[in-house]
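Chain residues, written in single-letter form:
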Amino acid sequence: MWSQGDRNVAGDLGFCRSIAISVGGDFLGYGEELTKTSIQKQIVDALYLGDRGRASKLLSDLGHANKSLRAADFVDIFKYCARSPDPLFAIETWSIMEEKQIPPNNTSCLFMTRALCKGGYLNEAFNLINFIGEKHGMTPSLAVYNSFLGACSKLCSMVHANQCLDLMERKMMRKNEVTYTELLKLAVYNQNLSAVHEIWKDYIKYYGPSIFSLQRFICSFTRLRDLSSAYQALQYMVVLALRGNTSIMSNAEGKLYSSRVLDIPIPNLESSLQRFDMEEFDEQFVPLKVDAYIRSIEWSTVSTTGKEVESSGVVGLGKTKCVPAMQLLKPSFGNVMRACAQNQNYRLAEQLMIQMQNLGVQPSSRTYDGFIRAVISGRGISEGIKVLEIMQEKNLKPHNSTLATLSIACCQALELDLAEKLLYQISYYQDPHPYNRFLEACDTLEKPERAIRMWAKMKQLKIKPDIWTYELLFSLFGNVNAPYEDGDMLSHADSAKRIKAIEMDMAKYSVQHSHLSMKNLLKALGAEGMIRELMEYLRMAENLFYRSNTYLGTPIYNTVLHSLVEAEESYLAIEIFKNMKSSGFCLNAATYTIMIDCCSIIKCYKSASALFCMMLRDGFYPQAATYTALIKNVLDDGNFGEAFNLLGLGSSEGIQTDVLLYNTILKRACDEGRIDVTELIVEQMHREKIRPDASTCQYVFSTYVGRHFYNTAMEALQVLSMRMICGEDHAFEEKKAEFEEAYILSEDEESELRILEFLGGPDENIAFALLNLRWCAILGFPISWSPNGTSWARRLAANYDSLI
């Protein structure tokens, strides 16, 4: 049954035939033209309806209907195939033309090329362009070559692009602005900055840069991080906008376009660019070179200039002609601003912001995003927050990426409160990076309770975690009581439950263990003292990484060895170490140091010495931790003389001693009640500017108390606590009033809670010091804010000088 459309077509055909018969031969050609046009329309309609069988039949009928067919009789079909795209039907149509020896025209060739390119048939498209020139003796238009180059840029095929350029060179085809645009895209894809500069030089030989072309070059330069070239091109855009010769028009839809005819070159523009008289414009608008921008800009200028411009009107661009120009200047300023952020050039970013305000170009949220990134790199978080406040005053909503950038910067500065506040303002952001940074900061500050809230937020927003997320989760939540308490049955069960939950979440998102996630997991089990589970996971890790042909890694084995030594499971540690040696593992200095420490458990200094020699023979230079382990071994026999010899040897070798090394000697001196050794070590630490920690205070205090020197113990505790806060007496003048009123002498019930807030962060030792001083004050001992001037400190200094 005929459809309505078919009946109309049938009626048209009948009408054409009746006219031809009744009127005569004069109208026969006109009837044939109508017939061919009608069949073309039927073919396109059938293709639109998805009836390819009928379309093919009609195409065959069109090819065999008469012998006067031309390329124009197939243009509508090719046009549909190019728009759809439908490269296969285009090839079928082309075959009919070849069979009937119908020579193509440029229009059919253009649409045929587009159909093939959009369908991904670049080889066929290039062969077609080459074939037309060789067989039909016609030269495809420049639009055909441009269309092919455009497809090469979209499909990122440099091979086909080079073939096309070679062919254009052989055919002596010129280039127009569209050609340069496509070549620019290809150069950016290949990250070829020199090619972009060559395209620019070639382009300005024939064409005067327009607002649109400069916009494309600026985008290319910024993508390739050539800030200097992008900045200069932007200043040329400003010059054109100030002169008013932008050739910008707007269509009915409000879309801007250039009224300049693209194919008419304007030669010798390179010299005209050089003749730009930049001095005729105020230098605040168009500083020509990057090195010439203002080097000392007060920050207040950036925030106040906008208000000054509003009161005085638009300075640079006349209101009647600046609207379309500003629409194009705004994204270009944004691109250069983002390049400033990538290059961490905050000074140029501030200069651009001032220039935009003076020109009356209102920065967009995207521009502010780049500006904030640049400002943070040079001026810090606080200035970035100020810019965010300026955006809020202007009712500009910041991008989620802007908030994420500020939050990451806060996390790096360990400003958790502000970072969390910024993250909670993000409406949609699927990249886990800023959240991972927050978890990392929580891990650094040992604040897992803050991390729990953020992990819940990630779940709520359905943010897909990555392996870094899980590495941090194992570090944050793998163990429960450590490092302040030893694990027990309850903490072991809780730890196992947490690890299982994290691994189940990993399986949910198909995330495999990395070396670091496995290391953190094993470290958590070791910190809890879960030795059986530790060994089970080690075997599992060996199998897991063996199946993926991945080397398990010495750091993971070192983690296990350290946990076994801490748990005094010396024989298990020795067994693993022997297996590592026999399996050809690459041992490192940490491996030998751990095993030297293990020798102190089995009371075998001879083995420790052998390991030390083996370590030197393998080319590893001992560090402070190595000497600490050796000293621990010699002190097991109470040999303080040998300990001091090792300490002197380390110093002569340039070893940077640390508090842990000295605490090892102090602990043994405390156990044996050796006040002489204790005082010698304390004074040596002071002279080497090594601050004591809570363990140092404990060992020294306990040494005096064990010998019933209570007043001396309290005086030593005060001095060492002061040195934990600061090593020099003069530094206490500024902090004295604050510490006494807020922490040490305060009768406020919340004072001790405020002290405990220092725990878990970089100022953790300050918490212990303030608690010690508060305890001394409660017991009635006066606080001396000149610790080095106390009788105890002076006596230790005099005794040390006499021994030296």
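Heads up: these notes are all about the structure in this document. (Residues numbered from 1 in each chain as written. Predicted model: local features only at pLDDT ≥ 70, side-chain atom pairs only at ≥ 80, totals over all residues. Heavy atoms only, no water.)

## Topic: the packing of helix 10 (residues 177–189) against helix 12 (residues 211–223)
And then number 1: Where helix 10 meets helix 12, the closest approach of the two axes is 10 Å, and the angle between their N-to-C directions is 10 degrees. Judged by the inter-axis angle, helix 10 sits roughly parallel to helix 12. Facing helix 10, whose interface residues are E177, T181, L184 and V188, helix 12 presents S213, R216, F217, S220 and R223.
And then number 2: Tallied by class, residues from the contact of helix 10 with helix 12 come to 3 nonpolar, 3 polar and 3 charged. (Axes fitted to C-alpha atoms, helices over the stretch in contact; angles between N-to-C directions. Helix = DSSP H or I, 4+ residues; strand = E, 2+ residues; numbered from the N terminus. Parallel < 35°, antiparallel > 145°, perpendicular 65-115°, else oblique. Contact = heavy atoms within 4.5 Å. Nonpolar A, V, L, I, M, F, W, Y, C, P; charged D, E, K, R; others polar.)

## Notes on the nonpolar core
And then number 1: Formed by 230 residues in total, the largest nonpolar core has its most connected members in I43, F74, I77, F148, L352 and I576.
And then number 2: When neighbours within four sequence positions are excluded, I77 is seen to be in contact with Q40, I43, V44, L59, L62, F89 and T93. (Core = buried A, V, L, I, M, F, W, Y, C linked by side-chain atoms within 4.5 Å. Buried < 20%, exposed > 50% of the residue type's maximum accessible area, 1.4 Å probe, protein only.)

## A closer look at helix 23 (residues 448–460)
And then number 1: For helix 23, with 13 residues, the first-to-last C-alpha span of 18 Å sits near the 18 Å given by 1.5 Å per residue.
And then number 2: What helix 23 keeps buried is the set R450, A451, M454, W455, K457 and M458. Down the axis of helix 23, the sector holding all buried residues measures 155 degrees, keeping them to one side. In helix 23, those exposed residues whose orientation departs by more than 90 degrees from the buried face are I452 and Q460. (Expected span 1.5 Å × (residues − 1). Arc of directions from axis to C-beta.)

## Side note on the pattern of salt bridges
And then number 1: Scanning all chains against the criterion turns up 24 salt bridges.
And then number 2: Between K41 and D45 there is a salt bridge, with its nearest N and O atoms 3.1 Å apart. Taken as a pair, K41 and D45 lie in helix 2 (residues 28–48) at a separation of 4 residues, close to a single helical turn.
And then number 3: The exposed category is assigned to K41, whose relative accessible area is 53%. (Salt bridge = Lys/Arg side-chain N within 4 Å of Asp/Glu carboxyl O.)

## A closer look at unusual backbone geometry
And then number 1: Along the chain, S84 connects to P85 via a cis peptide bond; the corresponding omega equals -10 degrees.
And then number 2: Following the sequence through the fold, P85 ends up in the loop between helix 4 (75–83) and helix 5 (87–99).
And then number 3: The residue R225 is not glycine, and still its phi comes out positive at about 60 degrees.
And then number 4: One can find R225 in the loop between helix 12 and helix 13 (227–243).
And then number 5: Even without being a glycine, K689 presents a positive backbone phi close to 60 degrees.
And then number 6: Tracing the sequence through the fold places K689 in the loop between helix 35 (675–687) and helix 36 (694–706).

## Here's the deal with the packing of aromatic side chains
And then number 1: A full pass over the atoms with the stated rule returns 14 aromatic pairs.
And then number 2: Judged by centre distance (6.2 Å) and plane angle (65 degrees), the ring pair of F612 and Y627 falls under edge-to-face. In this pair, F612 is assigned in helix 31 (residues 605–617) and Y627 in helix 32 (residues 624–635), connecting sequence segments 15 residues apart. One exposure class covers both F612 and Y627, and it is buried.
And then number 3: The rings of Y180, W200, Y203, F217 and F221 are connected pair by pair, giving a single aromatic cluster. (Phe/Tyr/Trp six-rings, centres within 6.5 Å; stacked < 30°, edge-to-face > 60°.)

## Examining the state of the cysteines
And then number 1: Enumeration over the complete set of coordinates arrives at 0 disulfides.
And then number 2: Here C604 is not disulfide-linked; the sulfur of C599 is the nearest cysteine sulfur, at 6.0 Å.
And then number 3: With relative accessibility at 23%, the residue C604 sits in the partly exposed group. (Disulfide = S-S within 2.5 Å.)

The values reported here are purely geometric and, on their own, carry no functional implication.
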